[in-house]
Amino acid sequence: MSRPSPIVLIMAAGLGTRMKSEKAKVLHEIAGRPMIMWAIEAARGAGAGRVVAILGHQLDAVKAALDARYGVGAIDIALQAEQKGTGHAVLSALPALEREPDDRVVVILSGDAPLLRAERIAELTDACVASPAGMALLSTVPDRQMPYGRLVRDQVGKLLRIVEWPDALPAEREIKDTNAGFYAVRLGHLRQDLQTLRADNAKGELYLTDLVAKAAGRGGATSIDAPFEEVSGINDRVDLAAVDAAARRRINEAFMRAGVTMVSPATTFIDAEVGPIGKDVWLGPNVTLRGKTSLGDGARIDVGCVLTNVTVAVDAACKPYTVATDAQIGARAETGPFAHLRPKTQLDEDVKVGNFVEIKKSHLMAGAKASHLSYLGDASIGAKANIGAGTITCNYDGFAKHVTTIEAGAFIGSDSQLVAPVTVGRDAYVGSGTTVTKDVPRGALALSRVKQVNVEGWADRYREAQQRRKRDTGGSGH
Ligand code: UD1
Ligand code: MG
């Protein structure tokens, strides 16, 4: 049996009051990715044909985030202007499905439950197709008391209905099997049954869960048990932290299984969009990888590095506390300890960037070195050039940024300033302590420091004079 491609609805119109936030709940991030996008990724992973997000609160902000990531209009939006319950939410999405045939499988997810796996959506879809009642749902047994709907069955286990927590009698609250809040229903049944919902319940809402009683009349909906951790939702920031930790554990385990060493998985923070990470990559404790960072085979990322949108090539080494953003690190290159690579830094192969070096919008070509205490901004640095300790590119005149060009093989002596725009030619030398304000021709030496003068015996005479003064004033002077 080939699996039909489901339509996936994501209920995400709720306010999320308990988040106590100015931001829509579903835009809060889990492992760096807004939580609604976890549901969308899972839906797509399960082969969803269409994805419809049901939005209400902060519709514009959520829509903008979806458009930015998936392209304008890639995710359909249904507006639920007033939130009158989950049944009402799905009703609001029906106009968007007007042209779809009755036999399509509709999977309904919650935008605030990001850990649901794509395989589970596929399982739900299959169960719906196999069910004579045309409905399947996920059940779960929480590890603690949760105010979830309870699954009420007859003596032979057929699902009769779901009773919501606020409506449940004490005996019903004892039922262990709860409703996880994920469903697959044939569109034809949705169209019919949603019209029959009534808000005659404790919350005065249209409960989507009342569809289960309708399915009982057709033989009963199928329930599939899912681990609580996979289906648990987010209501407040305590849940947010717990789900974030679970998501990161899942990410780390997948990378470790694929050949990545983590000295301390519990303190390794890898965002959802990170990858690929190559074989035999070594990650030290307290490493944070964010955004679209990727790591080539054999890369070594040591303690405390924070890499955001960084491409690290094979066998490169980020020594402890390298902080890099929007940067490229070439094969076998080394950075840090304590290096700061800012946006548009490009290090080619075998480049070495040492401690307390800050680089912005600069290209260091193969084998170039800046080993200590430098600021390189808006610079082009040729192959094998050597940047001495304390070199500063003076790239900013208070109004505009200017480019410094250091050609291949040039040697910049320690404590030099390069006042941009300026070019140091191929294989040229800049003497230590030089302020370079004019272009240096290929192969030349640039020197700008004042000539050294040695005054013979001066220090001895000075010291004697000071000691004499101290004696004369009775030792009270300094
Ligand atoms: C729901 C289920 C309950 C289940 C629980 C699991 C119903 C009636 N109850 O309860 O059986 O155990 O989830 O977590 O469905 N939403 C809208 N529009 C609305 C109302 C809700 O989009 O008008 C969205 C919310 O933003 C949320 C999701 O639907 O993403 C679930 O709604 P919520 O209010 O959290 O339902 P629960 O009371 O938790
Ligand atoms: Mg809920």
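Worth saying up front: this structure is predicted, and the values here are computed from it rather than measured.

(A) Expanded view of the pattern of salt bridges. The full count for this structure, using the stated rule, is 24 salt bridges. In this structure, the salt-bridge partner of E100 is R50, at a minimum N-O distance of 2.8 Å. Of this pair, E100 sits in the loop between helix 3 (86-93) and strand 6 (105-110) while R50 sits in strand 4 (residues 50-55); the two residues are 50 residues apart in sequence, bridging distant segments of the chain. According to the relative accessible area criterion, E100 is buried, its value standing at 13%. Two residues, D460 and R463, come together in a salt bridge whose shortest N-O distance is 3.6 Å.

(B) A look at the site of ligand 1. Neighbouring residues of ligand 1: 21 residues in total, closest Q80, G85, T86, E164 and N179. With respect to ligand 1, the side chain of T86 contributes an N or O atom lying 2.7 Å from an oxygen atom. The separation between an oxygen atom of ligand 1 and a polar side-chain atom of K203 is 3.1 Å. When ligand 1 sits alone it has 750 Å² of accessible area, and the protein chains cover 83% of it.

(C) Molecular detail of a nonpolar patch on the surface. Taken together, the side chains of Y321, F338, F356 and L373 present a nonpolar region at the surface, about 420 Å² in accessible area. Mapped onto the secondary structure, F356 falls in strand 24 (residues 352-360).

(D) The arrangement of the nonpolar core in detail. Of all hydrophobic cores here, the largest spans 101 residues; its most connected members are I36, L295 and L307. Not counting residues within four places of it along the chain, the set of residues in contact with L295 comprises P276, I277, G278, V281, L283, L289, I301, L307 and V312.

(E) A look at the packing of aromatic side chains. Evaluated as defined, the whole model comprises five aromatic pairs. Ring geometry for F338 and F356: centres 5.5 Å apart, planes at 5°, overall stacked. With F338 in the loop between strand 21 (334-335) and strand 22 (339-341) and F356 in strand 24, this residue pair connects regions lying 18 residues apart in the sequence. The interplanar angle of 10° and the centroid separation of 5.1 Å between the aromatic rings of W458 and Y462 together place this pair among those described as stacked. Here the residue W458 and the residue Y462 both occupy positions in helix 10 (residues 458-472), the gap between them amounting to four residues, near one helical turn. Taken together through their ring pairs, the aromatic side chains of Y321, F338 and F356 make up a single cluster. When the ring centre of W282 is taken as origin, the NZ or CZ atom of R300, which lies over that ring, is 3.8 Å away.

Cut-offs and rules
- Residues numbered from 1 in each chain as written.
- Chains lettered and ligands numbered in written order.
- Predicted model: local features only at pLDDT ≥ 70, side-chain atom pairs only at ≥ 80, totals over all residues.
- Heavy atoms only, no water.
- Salt bridge = Lys/Arg side-chain N within 4 Å of Asp/Glu carboxyl O.
- Helix = DSSP H or I, 4+ residues; strand = E, 2+ residues; numbered from the N terminus.
- Buried < 20%, exposed > 50% of the residue type's maximum accessible area, 1.4 Å probe, protein only.
- Near = heavy atom within 4 Å.
- Polar contact = N/O pair within 3.5 Å; in protein donor to acceptor, adjacent residues only side chain to side chain.
- Areas by Shrake-Rupley, 256 points an atom, 1.4 Å probe, with all protein chains shown as cover.
- Patch = residues over 30% accessible without salt bridge, like charges linked within 9 Å, V, L, I, M, F, W, Y side chains within 5 Å.
- Core = buried A, V, L, I, M, F, W, Y, C linked by side-chain atoms within 4.5 Å.
- Contact = heavy atoms within 4.5 Å.
- Phe/Tyr/Trp six-rings, centres within 6.5 Å; stacked < 30°, edge-to-face > 60°.
- Lys NZ or Arg CZ within 6 Å of the ring centre and 35° of its normal.

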